[in-house]
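# Architecture at a glance
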Amino acid sequence: MTTSTALARSAYKTLEPFHVTAYFNPELGAAYEDTGLDGHAWYVGARAAPMGPCAPSVVAAAFYNFNPVLIERAWPAAVAVGLETVSDRRWTLLDSVLGTALGSLAADPALATLAGRLGDIGDTASFAGRPLAAAWHSAARPETPHLALWHSITVLREWRGDGHLAALIDAELDPTEAAVFHEADRTTPQHGRRALGKRITQLTRQWSESEWGSAAERLATRGLLTMSAEGETLTDSGVELDQHIEDRTDIMASAVWKNVPDAEQLITSARPYVKAVIDAGFLPGTKKKAS
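Here's what I pulled together on the structure shown here. Since the structure is predicted, the reported quantities are computational estimates derived from the model, not experimental observations. (Residues numbered from 1 in each chain as written. Predicted model: local features only at pLDDT ≥ 70, side-chain atom pairs only at ≥ 80, totals over all residues. Heavy atoms only, no water.)

## Some details on the overall build of the protein chain
This is how it is decided: Secondary structure elements follow DSSP: runs of H or I no shorter than four residues count as helices, runs of E no shorter than two count as strands, and numbering proceeds from the N terminus. Radius of gyration: C-alpha atoms only; globule rule: 2.2 Å multiplied by the number of residues to the exponent 0.38. Each residue's exposure class comes from its accessible area (1.4 Å probe, protein chains only) as a fraction of the maximum for that residue type: buried when under 20%, exposed when over 50%, partly exposed otherwise. Pairs of residues are marked as contacts when any of their non-hydrogen atoms sit within 4.5 Å. In this description, accessible areas are obtained by the Shrake-Rupley approach with a 1.4 Å probe, and a residue is regarded as covered only by the protein chains that are shown. Neither His nor the chain termini are counted; the positive set is Lys and Arg, and the negative set is Asp and Glu. Charge coordinates come from a single atom per side chain, which is NZ of Lys, CZ of Arg, CG of Asp or CD of Glu.
Across its full length, the protein chain carries 14 helices and two strands. Relative to a compact globule of 291 residues, whose C-alpha radius of gyration would be 19 Å, the protein chain shows 19 Å and is just as compact. With the C-alpha coordinates aligned to their principal axes, the bounding extent of the protein chain is approximately 55 × 50 × 45 Å. Relative to its full complement of 291 residues, the protein chain shows a buried share of 49%. Excluding contacts between residues fewer than 6 apart, the proportion of contacts in the protein chain whose partners are at least 24 apart in sequence is 72%. Summed over its atoms, the accessible surface of the protein chain is roughly 13,300 Å², and 55% of this surface lies on carbon and sulfur atoms. Taken together, the 26 basic and 35 acidic charged side chains of the protein chain have centroids lying 4 Å from each other.

Structure representation (structure tokens):
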């Protein structure tokens, strides 16, 4: 029998590509142009819109490893455009991108069933200490099946993510350190982590070279990584902490999968839809499947 912790890990690895379609797709440029937002303001606005027009510091807290200076600039820009406007444009974008990627699968009745079941699981969750997930859960789930599936997956994804932030806090990794730690080289690949690389992480999270270097030095002082001209590499202690963080994240994410008798079947049934998105070739590290 698969444990709820293993189910949490399997769900994350399986469903994550479907979720990140909102933030990596070929139609983002048009969304930027339509809203007048740059890439940072669009991302922050599209992801945090369900939180409502709160203070930038609240969004920065929920995003954790993004530079608060970035959020202080990007969030007010999205609020000024209108969070409902940003949200509506995000749904239009996703309808087009997911609809195209899924093709005939978008009309598969099983897709609507899966969206409903994952939504039911999210409805049973406790959102105490999980503010971003709570915000997404409070947002209306679209009726269009592939959008409903994206929403249901996003609630569960951000629910896990809020727990991951708790694990980072427990590991005493501040926001900059968390970014550096995540992108540091490992001697062997671990737990299917999705690294963006230092350059992309600095660009998207807006940490300067000085801020990055200072964080790396603090981590090196703790014996968690080594620094060289080629970059940062986790030490054995760093690898051990990395695995501990992932294990704690899985444990904290497991509660939502307890007492779900069809959990394995649900995760398995999501794979054809996720595969269709991956085969579309627009996500980082993927190539379009030859037709």
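Next comes the rest of the description.
## What about the side chain of Asn 67?
Test applied: A 3.5 Å cut-off defines polar contacts: any pair of N or O atoms within that distance qualifies, except that in protein one atom must be a possible hydrogen donor and the other a possible acceptor, and neighbouring residues in sequence count only when both atoms are side-chain atoms.
Tracing the sequence through the fold places Asn 67 in the loop between α4 (56-63) and α5 (68-81). Looking at Asn 67, its side chain comes within polar contact range of the main-chain nitrogen of Val 69, at 2.9 Å.

## Side note on the packing of helix α7 (residues 109-123) against helix α14 (residues 263-279)
The test is simple: Axis definition: a line fitted to C-alpha atoms, limited for helices to the stretch in contact. Angles are taken between N-to-C directions and run from 0 to 180 degrees. Oblique is the label for any angle not under 35 degrees, not over 145, and not in the 65 to 115 range, which are roughly parallel, roughly antiparallel and roughly perpendicular in turn. Left-handed is the label given to a crossing in which the near helix is rotated counterclockwise from the far helix by less than a right angle, and right-handed is the label when the rotation is clockwise.
Contact geometry for α7 and α14: axes closest at 10 Å, N-to-C directions at 135°. On the basis of the axis angle, α7 is oblique to α14. You can see that α7 and α14 cross each other, and the crossing is left-handed. Facing Ala 110, Leu 111, Leu 114, Arg 117 and Ile 121 of α7, the residues of α14 in contact are Leu 266, Ser 269, Ala 270 and Tyr 273.

## Some thoughts on the environment of Asp 236
Here Asp 236 lies in helix α13 (residues 236-253). Residue classification places Asp 236 among the exposed residues on the basis of a relative accessible area of 70%. It is 20 Å that separates the C-alpha atoms of Asp 236 and Thr 249, two residues lying 13 residues apart in sequence.

## Digging into the packing of helix α1 (residues 4-20) against α13
Contact geometry of α1 with α13 gives a least axis separation of 8 Å together with a crossing angle of 105°. It follows from the interaxial angle that α1 and α13 lie roughly perpendicular. Taken together, the residues of α13 that come into contact with α1 (itself represented by Thr 5, Ala 8 and Arg 9) are Glu 246, Asp 250, Ile 251 and Ala 253.

## Observations concerning the packing of aromatic side chains
Think of a pair of aromatic rings as described by two things: how far the centres are apart, and how the planes are tilted against each other in angle. Heads up, the condition is: What counts as a ring pair is set by centres within 6.5 Å for rings of Phe, Tyr and Trp (its six-membered ring), and what kind of pair is set by the plane angle: stacked under 30 degrees, edge-to-face over 60, tilted for all other angles. Look at NZ for Lys and CZ for Arg. If either is within 6 Å of the ring centre and within 35 degrees of the ring normal, a charge sits over the ring.
Applying the stated criterion to the full structure yields six aromatic pairs. An angle of 90° between the planes, with centres 5.5 Å apart, marks the rings of Trp 91 and Trp 150 as edge-to-face. Of this pair, Trp 91 sits in helix α6 (residues 83-102) while Trp 150 sits in helix α9 (residues 145-170), and the two are 59 residues apart along the sequence. Trp 150 matches Trp 91 in its accessibility class, with the two residues each being buried. Between Trp 136 and Trp 150, the aromatic rings sit 5.4 Å apart at their centres with planes inclined by 75°, giving edge-to-face as the arrangement. Placement of Trp 136 in helix α8 (residues 131-138) and of Trp 150 in helix α9 is noted, with a sequence separation of 14 residues between them. Like Trp 150, Trp 136 is buried. Three or more aromatic residues link up through ring pairs in this structure, and these residues are Tyr 23, Tyr 43, Phe 63 and Phe 66. Across the ring face of Trp 91, the terminal group of Arg 90 is positioned such that the distance to the ring centre comes to 4.7 Å. Just above the ring of Tyr 12 sits the side chain of Arg 160; from NZ or CZ to the centre is 4.3 Å.

## Looking at the environment of Leu 234
With respect to the helices, strands and loops of the structure, Leu 234 is situated in strand β2 (residues 231-234). On the basis of relative accessible area, Leu 234 is assigned to the buried category, the value being 4%. Leu 234 sits 49 residues away from Asp 185 along the chain, and the two C-alpha atoms are 6.1 Å apart. Each residue touching Leu 234, except ones within four places of it in the same chain, is listed here: Phe 181, Ala 184, Asp 185, Arg 186, Leu 224, Leu 225, Val 239 and Asp 242.

## As for α6
Condition: Take the residue count of a helix, subtract one, and multiply by 1.5 Å to get its expected span.
When the terminal C-alpha atoms of α6 are compared, their 27 Å separation across 20 residues agrees well with the 28 Å that a helix rising 1.5 Å per residue should span. The positive-phi residue at the C-terminal boundary of α6 is Gly 103, with phi of around 60°.

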